[in-house]
Each structure stands twice: as C-alpha cells, then as structure tokens.
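Close look at the chain arrangement
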Amino acid sequence: MELGTQRQPVPAAFHRPGGMSYLRVVPSADIERISSQPNDVEQELRYHTRPDLDGISLSYPAYDPLDDSPEMPPVMLHYAVNRPVGRSGVNPT
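Residues numbered from 1 in each chain as written. Predicted model: local features only at pLDDT ≥ 70, side-chain atom pairs only at ≥ 80, totals over all residues. Heavy atoms only, no water.

1. A word on the overall build of the chain
Quick reminder of the rule: Comment: elements are numbered from the N terminus, with helices defined as DSSP H or I runs of at least four residues and strands as E runs of at least two. Only protein chains enter the accessibility calculation, which uses a 1.4 Å probe; a residue whose area is less than 20% of its type maximum is buried, one above 50% is exposed, and one in between is partly exposed. Between two residues, a contact is recorded if the distance between any of their heavy atoms is within 4.5 Å. Shrake-Rupley sampling with a 1.4 Å probe provides the accessible areas, and residues are treated as covered by the protein chains on show and by no other component.
Regarding its fold elements, the chain presents zero helices and six strands. Starting at the N terminus, the α and β elements of the chain follow one another as β-β-β-β-β-β. The buried share among the 93 residues of the chain stands at 26%. Here the contacts in the chain between residues at least 6 apart in sequence split such that 38% fall between residues at least 24 apart. For the chain, the exposed area adds up to about 6,500 Å²; of that, 52% sits on carbon and sulfur atoms.

Structure below.
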C-alpha cells in the first residue's frame, strides 16, 4: 500500500482463537459509510463496506481500547493522512 494512492488506510484487525492477531488494509474506496456518535462525528462506531460482487456488505465495529480481549470480533481502525482540517469520514479519492 502506498500513501500516494491510498490516502486514508483503514486497517482491519482480525484475531485468531490462539491469540494471534493480524491486520488487513481495506481500501478506503471499499468503505461505503461510517456510523459515528450522534454528538461527535470523530467518534466512529462502525464501518460499513460496499456490497461485493455477491451483494454482501459487511459491517465492522470500530476498535474500542476498553474492550481489548483475545475473543473480540474483527475491528477496524481509521487513520486519516493528508486530510483537510475539519473534514471527516473516508474520502475514496
């Protein structure tokens, strides 16, 4: 992944039952929308992907440091790189 082509990396953390975790970077263009707290757009709650070729859309919770356990479901993180001040959300272009 190059930051020149992928300005806002959205890594998804997956956890195996044995305790090993790994990251997969989801292209920001694959994120359809982000659900956030009604009173704070910067507090992201869930990431919703665009439907794939089979019409399946996935939803991942945002990482919560207060719920960090080996049994946690896959979670997403969001890092905005070169984002204009005041702009929120994932910009696929």
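2. Some remarks on the sheet that holds strand β4 (residues 40-49)
Two strands in a sheet stick together by hydrogen bonds in their backbones, pointing the same way (parallel) or opposite ways (antiparallel). Here is the rule: Strands are labelled as partners when DSSP assigns at least two bridges between them. Only the stretch in contact is used when a helix axis is fitted, and all axes are lines through C-alpha atoms; the angle between N-to-C directions ranges over 0 to 180 degrees.
If you walk across this open sheet you meet the three strands as β3-β4-β5, and the pairing is antiparallel. Each of the sheet's edge strands pairs with one partner strand only, and the pair in question is β3 (31-37) and β5 (59-61). Averaged over all adjacent pairs, the angle separating strand axes in this sheet is 40°, with direction ignored. Summarising the sheet, β4 and β5 pair through three bridges and their orientation is antiparallel. For Tyr-47, the partnering residue across the bridge sits in β5 and is Tyr-60.

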